[in-house]
Structure formats: structure tokens, C-alpha cells
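One-letter residues, chain by chain:
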Amino acid sequence: MNRSWPAVVKSLIFVLAAAHAACGDAGVDPGGAGGSRPESPQSSGTPASTSTSSASASSTSAGGGPGVWIPALDTSWHWMIDHPLDLDDPRDMGLVDPTGAPIESPPPTVYDLDWEFTPAETVAALHAMGAKVICYVDVGAFEDYRPDAGDFPESVKGNPDYHWEGSFWLDIRQIDVLRPIMQARFQVCKDKGFDAIEPDEVDGYANDSGFPLSYGDQLAYNVFIADLAHSLGMSVGLKGDIEQAEDLWPYFDWTLNEQCFEYEECEILVDSFLANGKAVFEVEYDDPFSGHMTDRSLFCEQANAWGFNSMEMPLDLDGGRWPCR
């Protein structure tokens, strides 16, 4: 699940990470954890261990190279990260809707699952069914319940991500500190047989992280994450961070977005990822308690016309789906 709500302000100007000067209003967290975009890409408070690489310095910006799985534009998929996948549960497998009722859409050919909860045997079983498997990994927030929580020094832990208990924003400027931790996590995904990485929490600069993160800091970190996945021969998607999509689409193989219809910002993905032949996975939530969109008639027709792989899903991503096609 995305651990930060999408920003609502559209940023449509292409800039390089090392030269970006903030323009327009800051991104706003609809849940209340909004933050201002700093005026310069590098803050004076950046620790000495911070990498100074910029988005333009990537050696793998064109993609992950031969053998890396790239999803087709039209891909049936399922997202289930709440608990370990039960291969015998139709809800877990995305074969029914969240109520258990049958759905007419094709069965998923891609599964997006949690890196910790999912054993290699589950990945292998899905491969035997002809499916590809994406590894969900939080890369922008510290989670105190993860098995590698002790690897994070106090210096990188910031403010709580108030939507999620036990989650705290990371100082993504400290790439040299975070590199071995993220590399180890991605290696777990690789060793388990996953085909791709879904890196979550890649918009700390637009939230109240506790650090003076800039637009450029975020670009540099997100490109580092894309390069790290590609270095292991894995596909990688841009998760959220829609305000930077036009800057980052060259470095990522696909994108996964939440609620772009609700926040009226989907056109950015049409003009960036889709315009360049890269798949868009998109979810709107069925969550009446928070007022999120629940009626598929409000977005599915347009999603299908654009070529999005859109679904309505329960907010907890705990099984079942309502795909648009």
C-alpha cells in the first residue's frame, strides 16, 4: 500500500535534479502531513555522507537491459500486500471481488506482493502458473516492524508517517547510508525469484518528513532506486510521486499510481509513461469511511480509453479486486 497519500498539485515542467528551482505550490498530503517544497535541490543541512549524483547521471536510465521483464501495456494484475498470499484463496488470488463474488475479467498475469511475507515457494508457484511477480518494498520510510529494522541508524529516521503505525520518513539524502540496506532488501526479492520491484514512499520531499528534502533530492534518490533494481536485472516501477513523473519516466519501466482519478491528475501519466510505451497500473479505493471514490462508473470508462490497467480495490489491499477490464 502506498504509505503516503498522493500529492494534488501537478508539476509539468521538466527539470534536471541538479538545477531544479521549486515552482508553484507545494505538494499537499490530503491526510494532513503536507510539506513545502524547498527552493533548491540540495539543502545546506545535507549530511556529508549524502550522494551528490543527479538524475542525469544515471547509467541505466534507458531501462534494465536485456532479459528484464517489461509489462505489456494491457496487463491483468492483482495487488495483495496485507498478508502472505494463500494460493488456494480466490480472494487472495484476485479471482473474485472483495465480497467473494465472481468477476468476468481475465485472471491476473501479474501479482504484486510484499517482500517479507512472500516466500520463494509462492513466487515459484505463480511462475508455474505463467504469472510474473512484483516485490513490494518500502524504500522511503523506516518501518519498525521489519526484520532489518536494526540496520537503520537513528540519523536517517524522521517524522512519523502518520497514516501508518510504526512508519517514519527516511532522510533520503543519505544515499550512502541507505544503499546497503536497500540493496540487501532488493537482493532478498531477487533471491526469492521476483521479477520486479515496487518501491514505495518515494515522495518524502512533498511530506512532513522532518528533513529539508528538496525536489532534486527526491529525483536523485528515486533514480538511485531505479538503477539499483536494474543492476540486479529486475524491472522497476515508479510508485506514486506523480508530480515528478515527467522527470522520472525515462528511468522506470512502468508506474503504479493510487487515486489519480480522485485527485484529477491522471493526464500526467498519459503524457509521460503511456506516451512513451510504458504500462500504467492504477487503483482507486473503496473506502466509504474516508470518503474515497467507490463508484467504478466514475473512472473505468476513461481509464480503459486511455489504456490504464485500473482497478477499484479495498483500502487494506487484503484480497479481491474490481478490475475495469
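Cut-off values and rules
Residues numbered from 1 in each chain as written. Predicted model: local features only at pLDDT ≥ 70, side-chain atom pairs only at ≥ 80, totals over all residues. Heavy atoms only, no water. Helix = DSSP H or I, 4+ residues; strand = E, 2+ residues; numbered from the N terminus. Buried < 20%, exposed > 50% of the residue type's maximum accessible area, 1.4 Å probe, protein only. Contact = heavy atoms within 4.5 Å. Areas by Shrake-Rupley, 256 points an atom, 1.4 Å probe, with all protein chains shown as cover. Pairing = 2+ DSSP bridges. Axes fitted to C-alpha atoms, helices over the stretch in contact; angles between N-to-C directions. Core = buried A, V, L, I, M, F, W, Y, C linked by side-chain atoms within 4.5 Å. Disulfide = S-S within 2.5 Å. pLDDT = per-residue confidence, 0-100. Polar contact = N/O pair within 3.5 Å; in protein donor to acceptor, adjacent residues only side chain to side chain. Salt bridge = Lys/Arg side-chain N within 4 Å of Asp/Glu carboxyl O.

### Concerning the overall build of the chain
Scanning the chain for helices and strands turns up six helices and twelve strands. When the 325 residues of the chain are sorted by exposure, 59% land in the buried category. Taking contacts inside the chain between residues at least 6 apart in sequence as the whole, the part at least 24 apart equals 72%. For the chain, the exposed area adds up to about 12200 Å²; of that, 53% sits on carbon and sulfur atoms.

### Overview of unusual backbone geometry
Excluding glycine, most residues fall at negative phi; most peptide bonds, likewise, are trans. Backbone geometry places Glu-201, a non-glycine residue, at a positive phi of 65°. Locating Glu-201 in the fold gives a position in the loop between β7 (196-200) and α3 (215-231).

### Structural notes on the sheet that holds strand β6 (residues 167-170)
Sheet architecture is open: three strands sit in the order β4-β6-β5, paired in antiparallel fashion. On the outer flanks of this sheet lie β4 (141-143) and β5 (157-160), each paired with one strand and no other. Averaged over all neighbouring strand pairs, the angle between strand axes comes to 40°, with direction disregarded.

### Regarding the nonpolar core
Counting 64 residues, the largest nonpolar core has Phe-186, Tyr-221 and Phe-308 as its most contacted members. For this core, the element with the most residues is α3, which contributes nine residues. Aside from chain neighbours lying at most four places away, what touches Phe-308 is Cys-260, Phe-261, Cys-266, Leu-269, Val-270, Leu-274, Val-280, Glu-282, Ala-303 and Arg-325. Grouped together as the second largest cluster of nonpolar side chains are 18 residues, Ile-134, Leu-256, Met-311 and Met-313 included.

### Focus: the state of the cysteines
The final tally for this structure, using the stated rule, is three disulfides. Residue pairing for Cys-135: its cysteine sulfur links by disulfide to Cys-189, the two sulfurs lying 2.0 Å apart. A torsion of -60° about the S-S bond marks the disulfide between Cys-135 and Cys-189 as left-handed. Of this pair, Cys-135 sits in strand β3 (residues 132-138) while Cys-189 sits in helix α2 (residues 175-192), and the two are 54 residues apart along the sequence. The same class applies to Cys-135 and to Cys-189, which are both buried. In this model Cys-300 forms its disulfide with Cys-324; the gap between the sulfur atoms is 2.0 Å. Taking the torsion about the S-S bond as the criterion, the Cys-300 to Cys-324 disulfide, at about -70°, is left-handed. Placement of the pair is Cys-300 in helix α6 (residues 300-306) and Cys-324 in the segment after β12 (322-323), with a sequence separation of 24 residues.

### Remarks on the confidence of the model for the chain
Here the chain averages 84 in pLDDT, and 78% of its residues register 70 or above. Low confidence marks residues 1-62, where pLDDT is under 50. Its contacts with residues over four positions away, or in another chain, come to 170 contacts.

### Considering the sheet that holds β12
To summarise the sheet geometry, strands pair through backbone hydrogen bonds and adopt either a parallel or an antiparallel arrangement. Strand order in the open sheet made by the nine strands is β1-β2-β3-β7-β8-β9-β10-β11-β12, with mixed pairing throughout. Where the open sheet ends on each side, the last strands, each with one partner, are β1 (77-80) and β12. Here β1 runs beside strand β2 (residues 110-114); their pairing, made up of four bridges, is parallel. Bridging across to β2, Met-80 finds its partner in Leu-113.

### Examining the side chain of Arg-146
Among the structural elements, Arg-146 can be located in the loop between β4 and β5. Of the residues examined, Arg-146 reaches a relative accessible area of 5% and is grouped as buried. A distance of 2.8 Å separates the side chain of Arg-146 from the side chain of Glu-116, its partner in a polar contact.

### What about the pattern of salt bridges?
Once the charged atoms of two side chains with opposite charge are near each other, the side chains can pair. Taken as a whole and judged by the stated rule, the model has eleven salt bridges. For Arg-179, the salt bridge goes to Asp-176, with nearest N and O atoms at 3.0 Å. Placement of the pair is Arg-179 and Asp-176 together in helix α2, with a separation of three residues, close to one helical turn. By relative accessible area, Arg-179 is classed as partly exposed at 30%. We classify Asp-176 as partly exposed; its relative accessible area is 39%. A salt bridge links Arg-296 to Glu-312; the nearest nitrogen and oxygen atoms lie 2.7 Å apart. Taken together, the residues span a long stretch of sequence, with Arg-296 in the loop between β10 (280-286) and α6 and Glu-312 in strand β11 (residues 309-314) at a distance of 16 residues. For Glu-312, a relative accessible area of 1% gives the class buried. Salt bridges linked by common partners bring Asp-114, Glu-116, Glu-143 and Arg-146 together as one network.

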